[in-house]
Structures are given as C-alpha cells and as structure tokens.
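# Summary of structural features
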Amino acid sequence: MNIYLALALSALLSFVISFALGFAVIPWLRKLKFGQTILEEGPVWHKSKQGTPTMGGIMFIISTIISTIVVFLTDYLLKGSIFSSGSVIESQMKVKLVAGMALAIGFGIIGFADDYIKVVKKRNLGLTIIQKTVAQMLLMFGYLLTLTLNHLTYIKIPFVGAVELSWFSWIFGICVIYGTVNAVNFTDGIDGLCAGVTSITAIAFVVAALMSKFLGVSVLAAALFGGCVGYLIWNYYPAKVMMGDTGSMFLGGLVVALAYAIDCPLILLLFGLLYVIEGLSDVLQIGYFKITHGKRIFKMAPIHHHFEMCGWKERKIVTVFSLVNLIGCIAGLLIYYFGIVK
C-alpha cells in the first residue's frame, strides 16, 4: 500500500471512529453517572465542570487501536511491508510497535482503574500513590525487559549518533517513561488542552518517522492524530466529556512508545515541550513551597492553572500552549533531520 494512502486512511478512520463513539460513549457514561469530581483546591469556576462525563479517553484509545490494525492488516493482505519497514532487522521494528502499543494500553488500564475508583467513591482520589507507582513500575519493567531481550538498548542522540546504553537503559527508560506519562497527565487540566497538544505531537512523529522511513511508526502516529482530533470535537471548550486518567495515561504511554520507535526518546523534550513545561511547573511549585515553608512561584500549578488565575480564558490557554508545543515540534524536527537523518 502506498504510504501516503495508508497515512490518510489511518488518520481518517481513527477520526471517524473517535468522533462517532462520542454519540454512544458520552450518554453511556452519563447513564452510569461516571462524572468528573473537581478538586476542592482547584479554580472556583471549575465547579461548573462537576459531573461532566469522564473516561472519555476510551474513544481515542479504541479508534487508535482499530485504525492501526485495519491499515496494517490491509497492507499485509496487499503484500506490503509497512508494518516492519525502516528497520535493518524487521523483527525489531515489530517488537517496538507491538510492545509500544502494549505499554500505552497498559497505562490506559491503570488510568481506568484510577478513574473507576474516583467515580465510584465520588471523590478525586483514586489509586494511592504507592498503588499507582507499583503498577506503573511493573508495566515499565515489562516494556524495558522486552526491549533488552531484543537488543534494543541503544538510543540515537542528535549530532552524536547511536549510543549503546546497556544496563543504564533501564534507569534512563524508567525516568523517561515515568516522567513523560505523568507530565502528560498534568497537561490534562482544561478543556481541549491535552488532546490538542498531543495531536500536534502526533503529527511531529508522523513526519519524523517518514524522514527515517519508519513507515509503521508513522501509521501509528497518524492514527493517534486522527483519534485526538475526533475526540477534540467533544472535548473542546465547553467540554461534553473529559478523557480522565484513562486517556491521559494512554497518551503518555503512546508518545513514549513513538519516541522509542524512532530510536530517539530524547526528542520528547521538544516534541512534548508543553508536557515538559507543565511537569516542571508542578515540580518547581512543590519544591519551592517546601523549601520556603509556604511561598509559591505560581498562583497555582500546573502552569495552565496559573494563567487561569491571571484571567486567561481556557480557549486562549489552549491556543497559546498549542502554539508553544508547535514551535517545539518544529525545532525538534529540524534537529532530528539534521542531527540524525542526514
């Protein structure tokens, strides 16, 4: 199958499925009374969001999985090789894609458990920090073990080349995966922000994967893009549904998987620039608060809440933050092209 046709099919099918699921999933979530519980210390005006259906992330999770499988299966029946293209050893590319999708789904399941506990107990406390961390560590261990057993313990550093990390790949991997998944989770705080930013990140991965001829990776990234855009129609301000940890943790797991699949997890610093800013703002706020015994850097963290407290409307925050991430993605693509592809 022609790769551009495959990309169009992947994105369009994922978009249609994600959007169409909204007509069934949102009423179903309302019927089950799976509504969002708003934190007491959150912005006062967020109280109006109380009861908005959550766990809507299952819309783009389902669409991403189905559209990717359909495109790969179609290409296989047409005797194509998109699934394994771009790797000297085809089996390694298959491992990256399958293990990466399993990682994302696994994080989505952890997020679902967290959301389920929240809505059943009607409080914004789901899994305990220990429970969530242990579950995430087990999942990360399985993913990194899979990479290690398939001799995928190297990364490519721009302008340096391929670097074998050996045992350090475990420490590095845990830091990257844990940090990214939780940073993406922080980004899911206002209507349309996380899905909007991630759709831009997904496009960056499509382009980067095409540069390196990692065609299977580009198809998966295109499916993610389509799913996020289809979901955004329902999630854009004022949101009719929220993704919950179900969705945000899946997105975090998948962007990490995409970064590993193109051999350059460090590119997340730019492709996910907004994630980095959101995550750092929360860490800095907590650290500064403890060191100074009560003083704050921001009016509220993560940083999108700071701008809310400054009077910015949600749509303005989403627009500006998305543009910031777009700039990061453009810079990342330039560095990826000249530092790795060339």
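About the criteria used
- Residues numbered from 1 in each chain as written.
- Predicted model: local features only at pLDDT ≥ 70, side-chain atom pairs only at ≥ 80, totals over all residues.
- Heavy atoms only, no water.
- Pairing = 2+ DSSP bridges.
- Helix = DSSP H or I, 4+ residues; strand = E, 2+ residues; numbered from the N terminus.
- Disulfide = S-S within 2.5 Å.
- Buried < 20%, exposed > 50% of the residue type's maximum accessible area, 1.4 Å probe, protein only.
- Axes fitted to C-alpha atoms, helices over the stretch in contact; angles between N-to-C directions.
- Parallel < 35°, antiparallel > 145°, perpendicular 65-115°, else oblique.
- Contact = heavy atoms within 4.5 Å.
- Nonpolar A, V, L, I, M, F, W, Y, C, P; charged D, E, K, R; others polar.
- Expected span 1.5 Å × (residues − 1).
- Arc of directions from axis to C-beta.
- Salt bridge = Lys/Arg side-chain N within 4 Å of Asp/Glu carboxyl O.

## Notes on the pairing of strand S2 (residues 161-164)
- Note: strand S1 (residues 154-157) against S2, 4 bridges, orientation antiparallel. Bridging across to S2, Ile 155 finds its partner in Val 163.
- Connecting S1 to the next strand, S2, in antiparallel fashion are 3 residues, including Phe 159 with a positive phi near 70 degrees.

## Some words on the state of the cysteines
- One pass over the structure, following the stated rule, counts 0 disulfides.
- There is no disulfide at Cys 194, and the cysteine sulfur nearest it, in Cys 228, is 7.6 Å away.
- Judged by its relative accessible area of 1%, Cys 194 is buried.
- Taking the relative accessible area as the measure of exposure, Cys 228 reaches 0% and is therefore buried.

## Regarding the packing of helix H10 (residues 273-291) against helix H12 (residues 314-341)
- Contact pair H10 / H12: the axes reach a minimum separation of 7 Å and the direction vectors enclose 120 degrees. As the angle between them shows, H10 and H12 are arranged oblique. Each of Leu 273, Leu 274, Ile 277 and Glu 278 in H10 lies in contact with H12, whose residues at this interface are Phe 321, Val 324, Asn 325 and Gly 328.
- Its residues placed into classes, the contact of H10 with H12 shows 5 nonpolar, 2 polar and 1 charged.

## Observations regarding helix H4 (residues 129-149)
- Between its terminal C-alpha atoms H4 stretches 30 Å, which fits the 30 Å expected from 21 residues at 1.5 Å a residue.
- Inspection of H4 places Lys 132, Gln 136, Met 140, Tyr 143, Leu 144 and Leu 147 among the buried residues, and these make up the whole buried set. What you see down the axis of H4 is that its buried residues fit within an arc of 95 degrees, all on one side. Turned more than 90 degrees away from the buried face of H4 sit Ile 130, Leu 138 and Leu 149, all of them exposed.
- Following H4 by one or two positions, His 151 has its phi on the positive side, about 60 degrees.

## Some details on unusual backbone geometry
- Backbone torsion omega between Tyr 237 and Pro 238 reads -5 degrees, so that peptide bond is classified as cis.
- Note on placement: Pro 238 falls in the loop between helix H7 (215-235) and helix H8 (244-261).
- The omega torsion of the bond from Ala 301 to Pro 302 falls at 0 degrees, within 30 degrees of zero and hence cis.
- Even without being glycine, Lys 213 reaches a positive phi, approximately 65 degrees.

## Notes on the pattern of salt bridges
- Summed over the entire model, instances satisfying the criterion amount to 6 salt bridges.
- The partner of Asp 114 in a salt bridge is Lys 118, with the nearest N and O atoms 3.4 Å apart. Here Asp 114 and its partner Lys 118 are both found in helix H3 (residues 90-121), 4 residues apart, which amounts to about one turn of the helix.
- Judged by relative accessible area, which is 1%, Asp 114 ranks as buried.
- A salt bridge links Asp 245 to Lys 132; the nearest nitrogen and oxygen atoms lie 3.6 Å apart. On the criterion of sequence distance, the pair formed by Asp 245 in helix H8 and Lys 132 in helix H4 is long-range, its members being 113 residues apart. Each of the two residues, Asp 245 as well as Lys 132, counts as buried.
- Each of Asp 114, Lys 118, Lys 132 and Asp 245 takes part in a single network of salt bridges with overlapping partners.

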